[in-house]
Structure formats: C-alpha cells, structure tokens
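Structural overview
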Amino acid sequence: MREAEFRNYLEGIETIKSKNKAINSRISRANTAEQIIGTSLDYVVSDDDRMYDALVKISSDPRERSGNIQNTVRWYYRFCNSREFPRMSSYKR
C-alpha cells in the first residue's frame, strides 16, 4: 500500500469530517485488510476479479464490522483507479 500517497488523497476529500481521526482509521483498516487478504492492496486493486475476491474474503473475517474494512478497500480502489468499484451484487465476473 502506498500509505503516504493514500493519506494525501484522503486529506483532499472534502466530505471527510474530523480529518485526522478518520484518515488514521482508514489507514489502520487498510493495514488490517492487507493482513486479512495476505497481499498488498496495490496488487488487489489492480484487477477487478482480485478486488471482488478480496471483498468476499474480508466480509467473512471476524475483524470486519459493519463493512468498515471493505469500505476502506473501496476507498483505496477509488484512489488507485479513479473510479468506484461496483456493488458486490452487480459485479459480473
């Protein structure tokens, strides 16, 4: 994960309230996502099928609460690809 670049990206998002706390939480969750997935987020977000598989794996992990870790991975996907990843239900393999 490109942590410093991701942090700068998040700092530029106007809709994020309480910048410091929210950004630190997202960075922490991104690190947790990498632990769950077992690989770098950069590798995961470079391919939509890997992204889908990672979201499925994260959703079944007990550390995932209310979709927070998946949401962070989606933010990282948006940072790297300049577009949103589709909803799980509408993603076609």
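A short tour of the structure in this document, coming up. (Residues numbered from 1 in each chain as written. Predicted model: local features only at pLDDT ≥ 70, side-chain atom pairs only at ≥ 80, totals over all residues. Heavy atoms only, no water.)

1. Focus on the nonpolar core
Rule in force here: Residues enter a nonpolar core if they are buried and are Ala, Val, Leu, Ile, Met, Phe, Trp, Tyr or Cys, with the set joined through side-chain atoms within 4.5 Å. Exposure is judged per residue with a 1.4 Å probe applied to protein chains only, and the accessible area is read against the type maximum: over 50% gives exposed, under 20% gives buried, and values in between give partly exposed. Starting at the N terminus, helices and strands are each numbered in turn, a helix being any DSSP run of H or I of at least four residues and a strand any DSSP run of E of at least two. Contacts are assigned to residue pairs that have any heavy atoms within 4.5 Å of one another.
Counting 26 residues, the largest nonpolar core has Phe 6, Ala 33, Ile 37, Leu 41, Met 51, Ile 58 and Val 73 as its most contacted members. When contributions to this core are tallied by element, the ones reaching two or more residues are α1 (3-11), α2 (19-37), α3 (41-45), α4 (48-59) and α5 (68-81). Examining the composition of this core, we find that seven residues originate from one element, α2, more than from any other. Those residues in contact with Ile 37, other than ones at most four positions away along the chain, are Val 44, Ala 54, Lys 57 and Ile 58.

2. Topic: the environment of Met 1
Tracing the backbone through its elements, the reader meets Met 1 in the segment before α1. Counting along the chain gives 76 residues from Met 1 to Tyr 77, while the straight-line C-alpha distance between them is 11 Å. Filtering out sequence-adjacent residues up to four positions away, Met 1 remains in contact with Phe 6, Ile 27, Ala 30, Asn 31, Glu 34, Ser 40, Leu 41, Asp 42 and Tyr 76.

3. Digging into the packing of aromatic side chains
Where we set the bar: In this analysis, rings of Phe, Tyr and Trp, with Trp reduced to its six-membered ring, are considered paired at centre separations within 6.5 Å, and the interplanar angle assigns stacked below 30 degrees, edge-to-face beyond 60, and tilted for intermediate values.
By the definition in use, this model includes five aromatic pairs. Between Phe 6 and Phe 79 the ring centres are 5.5 Å apart and the planes differ by 45 degrees, which places this aromatic pair in the tilted class. Of this pair, Phe 6 sits in helix α1 while Phe 79 sits in helix α5, and the two are 73 residues apart along the sequence. An angle of 55 degrees between the planes, with centres 5.4 Å apart, marks the rings of Tyr 76 and Phe 79 as tilted. Taken as a pair, Tyr 76 and Phe 79 lie in helix α5 at a separation of three residues, close to a single helical turn.

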